[in-house]
Each structure stands twice: as C-alpha cells, then as structure tokens.
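# Residue-level structural notes
Each chain, letter by letter, is given below.
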Amino acid sequence: MPINESADIEVQKPGLATSIQDIGRQGFYHVGIPPSGSLDQFASQAANLLVGNSADAAVLECTLLGPQLLFRSSAIVAVTGAEMMPKVDGIAQTCNTAFSVKAGSVLSFDFVKSGARSYLAVSGGFDVPVVLGSRSTYTLGSIGGLHGRRLQKADTLNIGLGSARRLEGTHLPIEFIDSHGSENELRVLTGLYHHRLSEESARSFFEDTWLVSAEADRTGYRFKGGRQLVFKERKQPFGAGADPSNIVDACYPIGSIQIPAGREPIALHRDAVSGGGYATIGTVISADMDLIGQMQPNHKTHFVAVSMEEALVARKKYTNRLAMLHAHFTER
C-alpha cells in the first residue's frame, strides 16, 4: 500500500503492540462486543487532558516497546502511564508533560523502565472513524482504530483539530502520577463459582504468590507459579464440559477470574469475550483494573479477598481521583 504523503504522521516502526484506544465502547457487551479502550483508563485520560483534548479522545496505547513516528505536521503531544521515555530526534523529553514535535521530526521511545503501557496523546486526537460510539481498536473483531488492527510499518495517521490554548510545558501534578512496581496486590470479590473450589484451594489462591505469565494481553492476564487449584468433584450437568472447571455457559464480567482445568488463573480484561464455559471464581475490582494493564510478565501478584462494601469504597475513591484530575485541568 503506498504511503499517504498528505497524512500528519507516518509510522516508521510500529512498536510491539501499538493500537488506537479511547475510553471504550459501551452498550454492546450483551451481543459479544467488549468495551475495548485503554487498559489504563486513568493514564489515558490524563494524557488527553495534558494536550487540551476531551478525556475520550483517541490516543496510542504503546505496550512495552513504543513506536517510531515521523511527524509531517507540527503537534503538541504528551506521554503518560509506563515509564517509557519519549525522544524527539533523539533528544529525551519528559513524561507527564506536554511538549512540541515539529514537522519533519521523529518521535521515538526508550526502553520501558516500569509499567507496561504508555499513552501518547496529540492535541486534536488521532482522527480515525467512530465505530459503535468509539475509536478504540478491537482486534479480535477487526473493528475500530486503524483498520481494526494494531499499527504496522508505513501506516499513516491524521490528527484532528487541536486546542488553541498554549499547552507546551503543561505538566501532570505528582499526585496524579502512578508508580508501577514489580509486586502488586489485586483485590478480588469472590464470585458465583468460588464455592466450587476445594477448601484448600479456596485458601491457597489467596495465600500464594502468582507471577504474570508471558500470556498477558488486552484479552486477559494469565498467572502462574501458585499451587494447582482443585475443584470439588461433581456430576457435570448437561451442556458442561467434562473437566470440573467447566460449567454450562455463563456471562463474564470484565475482571472475572477463570481457571481452566485448575491450572493457571486468567483475569479477563477489556477485549475479553462476554461469556463461556469456565467457572469464574471471582472478579478483580474495577478500581484495580488499570493496575493490571501496567503489569509486566513475571511481576509478582497477590490476590486479596475484599467485601462488596470494600469494593464500592475503592471504586468511589477511584472515581473521586478521576474527577479531581478533570477538575484540575478545567480550572486552568
């Protein structure tokens, strides 16, 4: 495919798994289309606010290895999320701060130092079609983003109409910058099928240290290293599979934890299917879903059981912090 010379940005190197995302598409999960959107919603919205966009503008989600982009038009950009230093023509820039990229310059990224996903916002947002109310890429369904897939070499991108305000140098206050360690706790509300675990496995799931597997992406994060989990024996009902971890098909909320054959837990994320035949023993609370998206393979994880009341308090704390972030930029 020939390169579009009139486009604002040319992809010279696509990075490992770079895709266009926004806050996601809502209202279609019941027909099998997940919300997609940025795995770290807070960082994604912060990047947009730094460059004068609405919080739901399209950004680039850059996973572990960032892209290399040739800017044919000047732009104001910001990078948030994982510590993955941006560089303009080889000169280091500051994360969590808006900076300019002049026409003809190349934006690239250093190796990731902490976290897993950086978010690149441009003033005006990335101009791709809205599909079912969102610009987010859902690769399994080949919808949204740029041609429904991750970025590839020689792709071109256009930028929408940006803010007229002076944005260069705008920075994110330190209280809105998350640190990303290599050992994390994920709070879990036990689910409909937790009772199907043996008593020992119900304890060991929360006692053991788990490691993020190499199989960790936008669909779900697999964890390894803990003791095998055993389900209570039962006569499987009609329509369920032969393994005790199988059930008659049921719905999966985002964050739900399934354990195929009892071997390795999988926490479903924003590109996950909406249902299936595995027992879900619990759900990672919504306030911790951003954290999952910033975990690298081999990071240590401890699952912590919480009550519904504790989960609601955590959600309120998260939404209040997000509201404070928006208020900070509204007041400027």
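Attention here is on the structure that accompanies the text. Everything numeric here is computed off the predicted structure, so don't read it as measured data. (Residues numbered from 1 in each chain as written. Predicted model: local features only at pLDDT ≥ 70, side-chain atom pairs only at ≥ 80, totals over all residues. Heavy atoms only, no water.)

### What about the environment of Leu 189?
Selection rule: Runs of H or I in DSSP of at least four residues are treated as helices and runs of E of at least two as strands, each being numbered from the N terminus. Relative accessible area decides the class of each residue, using a 1.4 Å probe on protein chains only: under 20% of the type maximum gives buried, over 50% gives exposed, and in between gives partly exposed. The contact definition used throughout considers only heavy atoms, calling two residues in contact when any of these lie within 4.5 Å.
Within the fold, Leu 189 resides in strand β12 (residues 183–190). By relative accessible area, Leu 189 is classed as partly exposed at 22%. Linking Leu 189 and Gly 241, residues 52 residues apart in sequence, is a C-alpha distance of 25 Å. Here Leu 189 is in contact with Gly 282, Thr 283, Ile 285, Val 306, Ser 307 and Met 308, once residues within four sequence places are set aside.

### Notes on the environment of Gly 32
Secondary-structure assignment places Gly 32 in the loop between β2 (19–21) and α1 (41–50). For the pair Gly 32 and Ala 272, spaced 240 residues apart in the sequence, the C-alpha separation amounts to 9.1 Å. Not counting the four nearest positions on each side in its chain, Gly 32 is found in contact with Tyr 138 and Ser 274.

### Some words on the nonpolar core
Selection criterion: Put simply, buried Ala, Val, Leu, Ile, Met, Phe, Trp, Tyr and Cys residues joined by side-chain atoms within 4.5 Å make one nonpolar core.
Judged by nonpolar contacts, the single largest core of 25 residues is most densely connected at Ile 20, Leu 60, Phe 71, Val 77, Leu 120, Phe 126 and Leu 157. Here this core gets 3 residues from one element, more than from any other, and that element is strand β5 (residues 75–83). When residues no more than four places from it in sequence are discounted, the contact partners of Ile 20 are Ala 58, Val 59, Leu 60, Phe 126, Val 128, Arg 135, Ser 136, Thr 137, Gly 145, Leu 146 and Leu 157. Counting 23 residues, the second-largest nonpolar core is a separate cluster that includes Trp 210, Phe 223, Ala 267 and Met 289.

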